[in-house]
Amino acid sequence: MDRSDSAPMIGTHTGSSSSRSKVAAKGEAYHVMRVLAADPKHDHDKGAGWKKGVAVLDFILRLGATAAALGAAVTMASSEQTLPFFTQFFQFSAGYDDMPTFTFFVIAMAIVSGYLVLSLPFSIVTIVRPQLVAPRLLLLIFDTLALTLNTSAAAAAAAIVYLAHNGNSDANWLAICQQFTDFCQQTSGAVVSAFVAVVMFTVLILLSAVALRKA
């Protein structure tokens, strides 16, 4: 047999070996993918990564809610205005402590702010240990209670702010915001900030509920 006859056979043998190597590599890769898909530890790591992302978002929202609640309490507590004119017996002034609803608002938002600050370490724990259920469940329970207090304070204060802006002709309540403009602006801003905290609390509760459902 001469060289011209043997050369094609060598080429054919080399090509078939290369094809078998490629098929074997693909089969091995497919087997590795199946093992990873069926590995519970792999699924556990994926779940932990997702929950850690939720925990980081929880911490950021909690910081925002803290700022909103604290801002609402401070703004309302500092709302006071005295008109530049007065009589012999009266001096026209308005302050948050003149109205029990605003006083309740300041106390309630101060409590909510304090709770949010105390909840930050628990939120950090859920970032470090995303698989723990107890801290997240604890946050869910107390977030719901804080949301209730926050909503009641914001709604009550919003009703008084509405009356201060518009009055009530049927009850002969005058709109005082035409005279006490600075006071009304501060109280209105405090109420808006409180409702921002309400929205953030709602998102926090939904995140905790979803994370616990996936646990």
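Above this note sits the structure.
No experiment lies behind these values; they were computed from the predicted model shown. (Residues numbered from 1 in each chain as written. Predicted model: local features only at pLDDT ≥ 70, side-chain atom pairs only at ≥ 80, totals over all residues. Heavy atoms only, no water.)

## Looking at helix α4 (residues 134–166)
Our working rule: Secondary structure follows DSSP: runs of H or I at least 4 residues long count as helices, runs of E at least 2 residues long count as strands, and numbering of each begins at the N terminus. Expected span of a helix, by definition, is 1.5 Å for each gap between consecutive residues, and there is one gap fewer than residues.
Between its first and last C-alpha atoms α4 spans 48 Å; for 33 residues at 1.5 Å apiece the expected length is 48 Å, and the two agree. Following α4 by one or two positions, Gly-167 adopts a phi angle in the positive range, close to 70°.

## Structural notes on the pattern of salt bridges
The condition is simple: Should a side-chain nitrogen of Lys or Arg be within 4 Å of a carboxyl oxygen of Asp or Glu, the pair is scored as a salt bridge. Only protein chains enter the calculation, and the probe is 1.4 Å; a residue is then buried if its accessible area is under 20% of its type maximum, exposed if over 50%, and partly exposed in between.
For the structure on display, the rule yields two salt bridges. Here Arg-62 ties to Asp-58 by a salt bridge, and the two come within 3.1 Å at their closest N and O atoms. Of this pair, Arg-62 and Asp-58 both sit in helix α2 (residues 40–77), separated by four residues, roughly a single helical turn. Pair check on accessibility: Arg-62 and Asp-58 agree, each one buried. Among the salt bridges present, the one from Arg-62 reaches Asp-143, with a minimum N-O distance of 2.9 Å. Remark: Asp-143 occurs in helix α4 and Arg-62 occurs in helix α2; sequence separation between them is 81 residues. Here Arg-62 and Asp-143 have matching classes, each one buried. Put simply, Asp-58, Arg-62 and Asp-143 are held in one network by salt bridges that share partners.

## Side note on the state of the cysteines
Just so we agree on the cut-off: Note on terminology: pairs of cysteine sulfur atoms within 2.5 Å are recorded as disulfides.
According to the stated counting rule, one finds one disulfide in the structure shown. Each sulfur of the disulfide joining Cys-177 and Cys-184 lies 1.9 Å from the other. Between Cys-177 and Cys-184 the sulfur-sulfur dihedral comes to about -90°; the bridge is accordingly left-handed. As far as burial versus exposure is concerned, Cys-177 and Cys-184 are alike and both buried.

## A few points about the side chain of Thr-126
Threshold: Polar contacts, as counted here, are pairs of nitrogen or oxygen atoms within 3.5 Å of one another; within protein the pair requires one atom able to donate a hydrogen and one able to accept it, and residues that are adjacent in sequence qualify only if both atoms are side-chain atoms. Only heavy atoms matter for contacts: two residues are in contact if any of them lie within 4.5 Å across the pair.
Of note, Thr-126 is situated in helix α3 (residues 100–128). On the basis of relative accessibility, which here comes to 2%, the residue Thr-126 falls in the buried class. At 2.5 Å, the side chain of Thr-126 forms a polar contact with the backbone oxygen of Ser-123. With sequence-adjacent residues up to four places away left out, Thr-126 is seen in contact with Ala-55, Pro-135, Arg-136 and Leu-139.

## Quick notes on α3
Put simply, the test is: Fitting axes to the seven residues that end at a residue and to the seven that start at it, the angle between those axes gives the bend at that residue.
Taking 1.5 Å as the rise per residue, α3 with 29 residues should run 42 Å; its terminal C-alpha atoms sit 43 Å apart, in good agreement. Bending of α3 peaks at approximately 30° at the position of Leu-120, with proline Pro-121 no more than four residues after it.

## Examining the environment of Ser-79
Within the fold, Ser-79 resides in the loop between α2 and β1 (80–86). Taking the relative accessible area as the measure of exposure, Ser-79 reaches 1% and is therefore buried. Distance from Ser-79 to Gln-185, taken between C-alpha atoms, is 8.8 Å for residues 106 residues apart in sequence. Residue contacts for Ser-79: discarding those within four places in its chain leaves Ala-94, Gly-95, Tyr-96, Phe-183, Gln-186 and Thr-187.

## Here's the deal with the packing of α3 against α4
For clarity, the cut-off: What counts as an axis is a line fitted to C-alpha atoms, over the stretch in contact for a helix, and the angles between N-to-C directions run from 0 to 180 degrees. Angular relationships are summarised with four words: roughly parallel below 35 degrees, roughly antiparallel beyond 145, roughly perpendicular across 65 to 115, and oblique for the angles in between. By definition, any crossing whose near helix is turned counterclockwise from its far helix by less than a right angle is left-handed, and any crossing with a clockwise turn is right-handed. Throughout, the ten residues Ala, Val, Leu, Ile, Met, Phe, Trp, Tyr, Cys and Pro are labelled nonpolar, Asp, Glu, Lys and Arg are labelled charged, and all others, Gly among them, are labelled polar.
At a closest axis distance of 9 Å, the pairing of α3 and α4 adopts a crossing angle of 160°. With respect to α4, the element α3 is oriented roughly antiparallel. Crossing geometry of α3 relative to α4 is assigned as left-handed. Of the residues in the contact of α3 with α4, the class split is 22 nonpolar, six polar and two charged.

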